[in-house]
Every structure is written in C-alpha cells, then in structure tokens.
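# Overview (structure and organization)
Listed here are the chains, written in short residue letters.
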Amino acid sequence: MKFTTSIRLSIALVFCKLGKASLTDCSKNLAFQLTNLFQLGQIQYDYGNCEVDNSGNGYAAGIVNFCTGTGDAWQVIQLYHEATGNDDEFTQYDDILQKYAEEGDGSTEGIENFCEIWEQASKTQAFMDAQNQIVDELYFNPSQKYADTLNLTLSISRAQLYDTAISHGATESSYSLGGMVKLANSRFGRDIAGNTTALTIGEYKVDEIEWLKEFLNVRAGYSSEGDATNSIYSYTYILEQGEYMWTDKITVLNNQDNQTEISCANSFMPSVPGSSGTSKAKAKSSETEEGSRSTSSRRSRGTSSQKARDEEEEEKEEAEDAEE
C-alpha cells in the first residue's frame, strides 16, 4: 500500500479517537491468528519473515508481508528510523527504497540483501514495535472504523474486515476495503431479516450475517489465488459452522483446506521476542512446514503496482465518462 508519512500520521490522529474496538482481547487474538495462518502459514507473527513477493511487489517481509513495492514496508522502515535517529541497517538504502515505494515499483535491484537486513533488524524491539504500529495504523484501526460505521457486532464480521484490509488495503479505492464495503452495500435493494443484528444499509435493514455473506461474494471477485482466496474459503466455513462470536476457540480451514483449531489459549505474538514462532505455536493441523509456507506471500494487496492500478482505474472512469 502506498502512503506518505503525512498520510500515515493523519490516519493515526483520526483513529486514535475511536476508543475501544468491539473485538475483545480474545476475539482480536483469534482474528490475528487466523490472518497470520493465511499470510504466514502459522498462527504467530514472524517479524523476520522475508522473501521475494510472488505477485511482483518486490520483497514481502514482516508480520503481514509488508512489501517494498507497495509502500508499507517503507512506512515500517521510516518509523524505525525515528527510533534509531536514522542510523540503522536500512539508512544506506533509503533513496532507492523510497523511490520504489513512491513509484509502486516491485524491482529488487539495488536491494538484493534486503532480507538479510530485515531479519537482522527484526531482532530489535524498536523494529518489532514499528511493525506492530504500522499494522494498527494502516490496517487494523481503519478496518474497525469501517466496522463501527456499519455497526457490526459479530466477531466474525469485524475480523473479516481486518483480514480484507491486510490483503487489499483499507483505502476507498474499488479494489480495497472501502470500495468493497461500498459495492456490497449497493447490492441490497430490500430489507433482509435474520437472527443477528439488523444493519442499516441505505434505507434498508439487513441482517449482519446476510451482509457478511454478500461482502465475501464481493471480495471473491477481487481474489483469484493465495491468501485472500484461502481467507474467503475459511471464513465461509466458519459461517457455515455458525461460529459468529469468538470467545474461546474456533475451527477454521488452513491453507491446505484442512480443519484447524485456533484458540485463545495461544497467542498471535511469538513467545520469544523476535522469533518466528516454533512448531508448537503452529495451529493444530496436518500441514507440513513446506506446505505452510507455500502461500506465505500470495497477497491480492499487490497483484500489480499501486501506481499501475490507479492509472487503470482513472482510464476506466475517463472512458465511461466519454461514453456518457
């Protein structure tokens, strides 16, 4: 995702006014474990995770696969610079990292040892803190603001918006969380009753679970492979099991479509600071280490560069205006 420092700070100022999110500590823990399972193949954060992104966004690194070609990796590094006085492992590469972030360039030229540097920095508390803060500022807090606006009350609904923000970003563009929420809302033309909270969608009253099903349908239209598709399958499975409110543990589908139990007895945070989590921290399943990592950087947040997508959307809008 492409954000300037000023935009990042503005987002932080807006969302610090939200107050306590509706997700409890347990349900937030489960939400993060579940997204980690899709993103990293394990339930715990991996601060030192780093590899070439297989959808063309440079390097994908850290706890939510921040990318050098989409801008959020640069946001993490900038925050780390603030803690180190701009004297750290990344400083010598600032110019090229900033260039790739601002241009949405997925090249790895000139930063071939990026992963080595990222892994080394991830052993420090300052770099782990920077990753945590950017996740909150760019993804978790904005996703919960959308949930607040919709008046979502169920753990599964609020967690799905967070997961969507991680994979697609939390902006208003059509392929991001805000655009998907808008499109899902537009598909309701009548009241739809159900057994959960009645949401006000325009002039209609729509059951929250019915709204979530439609939102997942919308998201499926923007997801064709990797972690985003795995998320849709798993959340659909959770819906079918009727596990709407998360208070202890839930049964989900992992990246190999095997049933997996995640529990609040575990945590999305590594037991040892800076570690990537051990096999004991993995969700209980039959997946192998090789299988669990096979989809680690498949993220629809970047099937092409941010700049290219913006240009494509502008061209489409201009063409539609011309036809009218």
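In what follows, the structure referred to is the one given above.
An account of the accompanying structure is given in this report. (Residues numbered from 1 in each chain as written. Predicted model: local features only at pLDDT ≥ 70, side-chain atom pairs only at ≥ 80, totals over all residues. Heavy atoms only, no water.)

### Re the state of the cysteines
One pass over the full model with this rule turns up two disulfides. What pairs with Cys26 in a disulfide is Cys264, and their sulfur atoms sit 1.8 Å apart. Between Cys26 and Cys264 the sulfur-sulfur dihedral comes to about 95 degrees; the bridge is accordingly right-handed. Linking Cys26 in helix 2 (residues 25-40) with Cys264 in the loop between strand 7 (259-263) and helix 11 (289-293), this pair joins segments that are 238 residues apart in sequence. When its relative accessible area of 18% is taken as the criterion, Cys26 is described as buried. Two residues, Cys50 and Cys115, share a disulfide whose sulfurs are 2.1 Å apart. Here the disulfide of Cys50 and Cys115 is left-handed, its torsion about the S-S bond being about -75 degrees. (Disulfide = S-S within 2.5 Å. Helix = DSSP H or I, 4+ residues; strand = E, 2+ residues; numbered from the N terminus. Buried < 20%, exposed > 50% of the residue type's maximum accessible area, 1.4 Å probe, protein only.)

### Here's the deal with the packing of helix 2 against helix 7 (residues 155-168)
For the pair helix 2 and helix 7, interaxial distance at closest approach is 10 Å and the crossing angle is 40 degrees. Here helix 2 is positioned oblique relative to helix 7, judged by the angle of their axes. For the pair helix 2 and helix 7, the crossing hand works out as right-handed. Across from Ser27, Ala31, Phe32, Thr35, Phe38 and Gln39 in helix 2, the residues of helix 7 making contact are Ser155, Ala159, Tyr162, Asp163, Ile166 and Ser167. (Axes fitted to C-alpha atoms, helices over the stretch in contact; angles between N-to-C directions. Parallel < 35°, antiparallel > 145°, perpendicular 65-115°, else oblique. Left-handed = near helix turned anticlockwise from the far one by under 90°. Contact = heavy atoms within 4.5 Å.)

### Quick word on unusual backbone geometry
Despite not being glycine, Asn86 has its phi angle at roughly 60 degrees, a positive value. Locating Asn86 in the fold gives a position in the loop between helix 3 (72-84) and helix 4 (94-103).

### Considering the nonpolar core
Here is a general trend for soluble globular proteins: nonpolar side chains tend to be buried in one another's company. Counting residues in hydrophobic clusters, the biggest one holds 77 residues, and the most contacted among them are Phe66, Phe90, Phe114, Trp118, Trp211 and Trp246. A total of 11 residues in this core trace back to one element, the largest contributor, which is helix 6 (residues 125-150). Setting aside its immediate chain neighbours within four residues, Trp246 contacts Thr24, Cys26, Ser27, Leu30, Ala31, Leu34, Ser155, Ile156, Ala159, Tyr235 and Ile238. (Core = buried A, V, L, I, M, F, W, Y, C linked by side-chain atoms within 4.5 Å.)

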